[in-house]
Amino acid sequence: MKRLVLVLFFLTFVSGVAFAQNNLKSGVYYVDIQRVINESEKGKQAKALIESKIKSAKEKLKKMYDEIEKLKEELKSSALSKEARTQKETLLQQKIRDYQRFQQDTQIEIANLEQRYTEEIVNDVIKIIREYRQEKGIPVIVEKREAGIIAGDPAYDLTQEIIKLYNQRTRK
């Protein structure tokens, strides 16, 4: 029993020395990956690209909508022949279908882009966190939201350090 206590004391002492050498406290460290995505340079670039696509799509949808409204106004005219009215109604239906299809396709494309960029960033960040944990001798690093951390000592928050490391690696 004394031997077990001595071994545990020794292991605790050694792990304490390892943490002291790295200027880290022992405990559970955490990273807010959503914050890394939002505040990293690559995350900001991805967000800007997605916002650009959204803006472009909105402009095209507005133009398509205006064409539909113009056709609706033209159909209100009593001066249209039956044949011209039929042609305009067919054209209106086609434009409405094109509008809806473009809107759906754009939503899917943007969702896929967001997912692709997020997965890419998260995968890169996880690699960095694993390397950082090993390099610093940290026993556990958890994701803030997934771990359900309601309140945590900011001294254990590695988010800013991970953002800094991620930005350095993505600049290369």
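Definitions and limits used
Residues numbered from 1 in each chain as written. Predicted model: local features only at pLDDT ≥ 70, side-chain atom pairs only at ≥ 80, totals over all residues. Heavy atoms only, no water. pLDDT = per-residue confidence, 0-100. Helix = DSSP H or I, 4+ residues; strand = E, 2+ residues; numbered from the N terminus. Contact = heavy atoms within 4.5 Å. Expected span 1.5 Å × (residues − 1). Buried < 20%, exposed > 50% of the residue type's maximum accessible area, 1.4 Å probe, protein only. Polar contact = N/O pair within 3.5 Å; in protein donor to acceptor, adjacent residues only side chain to side chain. Salt bridge = Lys/Arg side-chain N within 4 Å of Asp/Glu carboxyl O. Core = buried A, V, L, I, M, F, W, Y, C linked by side-chain atoms within 4.5 Å.

The subject of this paragraph is the confidence of the model for the protein chain. Overall, the predicted model of the protein chain reaches an average pLDDT of 84, with 84% of residues at or above 70. Predicted confidence in the protein chain is weakest over helix α1 (residues 2-21), with a mean pLDDT of 39, and strongest over helix α3 (residues 41-75), with 95. For the stretch residues 1-21, pLDDT sits under 50, and the model shows seven contacts to residues farther than four places along the chain or on other chains.

What follows is about helix α4 (residues 82-136). Helix length check: α4 (55 residues) gives 80 Å between terminal C-alpha atoms against 81 Å at 1.5 Å per residue, within 8%. Among the residues making up α4, those that are buried are L92, Y99, T106, I110, L113, Y117, I121, V125, I128, I129 and Y132. Positioned one or two residues after α4, G137 has a phi angle of 70°, which is positive.

For T159, the location among the structural elements is in helix α5 (residues 159-171). With a relative accessible area of 0%, T159 lands in the buried category. In terms of polar contacts, T159 uses its side chain to reach the backbone amide nitrogen of D32, at 2.8 Å. Once you skip the residues sitting within four places of it in the chain, T159 turns out to touch Y30, V31, D32, R35 and V36.

Let's shift gears to the pattern of salt bridges. Scanning all chains against the criterion turns up 14 salt bridges. A salt bridge links R171 to E41, with the shortest nitrogen-to-oxygen separation between them at 2.6 Å. Placement of R171 in helix α5 and of E41 in helix α3 is noted, with a sequence separation of 130 residues between them. In this structure R171 comes out as exposed when scored by relative accessible area, which is 55%. For the salt bridge of K76 with E73, the shortest nitrogen-to-oxygen distance reads 3.2 Å. Through salt bridges with shared partners, one network takes in R35, E39 and D157.

What follows concerns the nonpolar core. By size, the foremost hydrophobic cluster in this structure holds 18 residues, and its most contacted members are V31, V125, I129, I141, L158 and I162. For this core, the secondary-structure elements that each account for two or more residues are β1 (28-31), α2 (33-39), α4 and α5. If you tally residues by element for this core, the top one is α4, at five residues. With residues near it in sequence (within four places) discarded, V31 still touches V36, I129, I141, V142, E143, K144, D157, L158, T159 and I162.

On to α3, then. Over its 35 residues, α3 extends 51 Å from the first C-alpha to the last, a length consistent with the 51 Å expected when each residue adds 1.5 Å. Considered for burial, the residues of α3 that qualify are G43, A46, I50, A57, L61, M64, I68, L71 and L75. Looking at the packing, one finds that the buried side of α3 touches α2 and α4.

Right, let's talk about the environment of I162 for a bit. Structurally, the position occupied by I162 is in helix α5. For I162, a relative accessible area of 0% corresponds to the buried category. Remark: the alpha-carbon pair of I162 and I126, spanning 36 residues in sequence, is separated by 9.6 Å. Other than its neighbours up to four places away in sequence, I162 contacts V31, V36, V125, I128, I129 and Y132.

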